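What follows is each chain in one-letter form.
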Amino acid sequence: MNKILSNLGLCNKASGLVAGEKLVCDYLQMHKVKYIFLASDASDNAKKKIYNKANYYNVEVCEAFSSVELSQAIGKCGRMVVGITNESFLKILKK
């Protein structure tokens, strides 16, 4: 699990992800998000919104980490949703 969080940090530095509910939803609509990390402690409303959009655009969602873990991994405070936009990093994260 720590390796995934470390790789998320690298992905962020390489501009391979977007963070935040609004940005992730916008990028989903543009078909640019390949995978979503959703904080396990996100609100029910946020989870419903993200899952509905992800299902519509056929994007997988992972709830393995808390908002604190996701935020620390990417160096941004209070992030509940992270969308991976870089296909190469997605392959690394899925290993």
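Please refer to the structure higher up on the page.
Residues numbered from 1 in each chain as written. Predicted model: local features only at pLDDT ≥ 70, side-chain atom pairs only at ≥ 80, totals over all residues. Heavy atoms only, no water.

Observations regarding the overall build of the chain
Heads up, the condition is: Numbering goes from the N terminus for both helices and strands, where a helix is a DSSP run of H or I of at least four residues and a strand is a run of E of at least two. Radius of gyration here is computed from C-alpha atoms only, and the compact-globule reference equals 2.2 Å multiplied by the residue count raised to the power 0.38. Summary of the burial criterion: residues with accessible area below 20% of their type's maximum are buried, those above 50% are exposed, and those between are partly exposed, where the area comes from a 1.4 Å probe applied to protein chains only. Whether two residues touch is decided by their heavy atoms; if any such pair falls within 4.5 Å, the residues are in contact. Under the convention used here, a 1.4 Å probe and the Shrake-Rupley method define accessible areas, while residue burial counts only the protein chains that appear.
Counting its secondary structure elements, the chain contains five helices and four strands. The order of α-helices and β-strands along the chain, N terminus first, is α-β-α-β-α-β-α-β-α. A compact globule built from 95 residues would reach a C-alpha radius of gyration of about 12 Å, and the chain, at 12 Å, matches this within 12%. Projected onto its principal axes, the C-alpha positions of the chain cover 30 × 25 × 20 Å. Counting only residues that meet the buried cut, the chain has 44% of its 95 residues in that class. Contacts spanning at least 24 positions in sequence make up 77% of the contacts within the chain whose residues lie at least 6 apart. When the accessible area of the chain is evaluated, it comes to approximately 5,500 Å², of which 49% is carbon and sulfur surface.

Describing the sheet that holds strand S4 (residues 81-84)
To summarise the sheet geometry, strands pair through backbone hydrogen bonds and adopt either a parallel or an antiparallel arrangement. The line we're drawing: Two strands qualify as a pair provided DSSP detects at least 2 bridges between them. What counts as an axis is a line fitted to C-alpha atoms, over the stretch in contact for a helix, and the angles between N-to-C directions run from 0 to 180 degrees.
Read from one edge of the open sheet, four strands run S1-S4-S2-S3, paired in mixed fashion. Looking at which strands have only one partner, the edges of the open sheet turn out to be strand S1 (17-19) and strand S3 (60-62). Along the sheet, successive strands turn relative to each other by an average axial angle of 20°, direction set aside. Here three bridges tie strand S2 (residues 35-38) to S3, and the two strands are oriented parallel to one another. Across the sheet, the residue bridging to Ile36 is Val61, located in S3.

What to know about the nonpolar core
Definition in use: Working definition of a nonpolar core: buried Ala, Val, Leu, Ile, Met, Phe, Trp, Tyr and Cys residues. They are joined through side-chain atoms within 4.5 Å.
One finds Leu8, Leu17, Ile36, Phe37, Ile50, Val82 and Ile84 to be the most contacted residues of the largest nonpolar core, which totals 32 residues. Per-element accounting of this core gives the leading share, four residues, to S2.

Regarding the packing of aromatic side chains
The geometry of two aromatic rings is summed up by the distance between their centres and the angle between their planes. Keep this limit in mind: Within 6.5 Å between ring centres, the rings of Phe, Tyr and Trp (the latter by its six-membered ring) count as paired, and their orientation is classed by plane angle as stacked under 30 degrees, edge-to-face over 60, tilted in between.
On inspection of all chains with the given rule, the structure shows three aromatic pairs. A centroid spacing of 6.0 Å and a plane angle of 45° characterise the contact between Phe37 and Phe65, whose relative ring orientation is tilted. Residue Phe37 is found in strand S2, and its partner Phe65 is found in the loop between S3 and helix H4 (67-74); the two are separated by 28 residues along the sequence. Each member of the pair Phe37 and Phe65 is classed as buried. Taken together, Tyr35, Phe37 and Phe65 form an aromatic cluster joined through their ring pairs.

Points about the side chain of Asn12
With respect to the secondary-structure elements, Asn12 resides in helix H1 (residues 2-13). Sequence-distant contacts of Asn12, that is, excluding residues within four places in its chain, are made with Leu17, Ile74 and Lys76.

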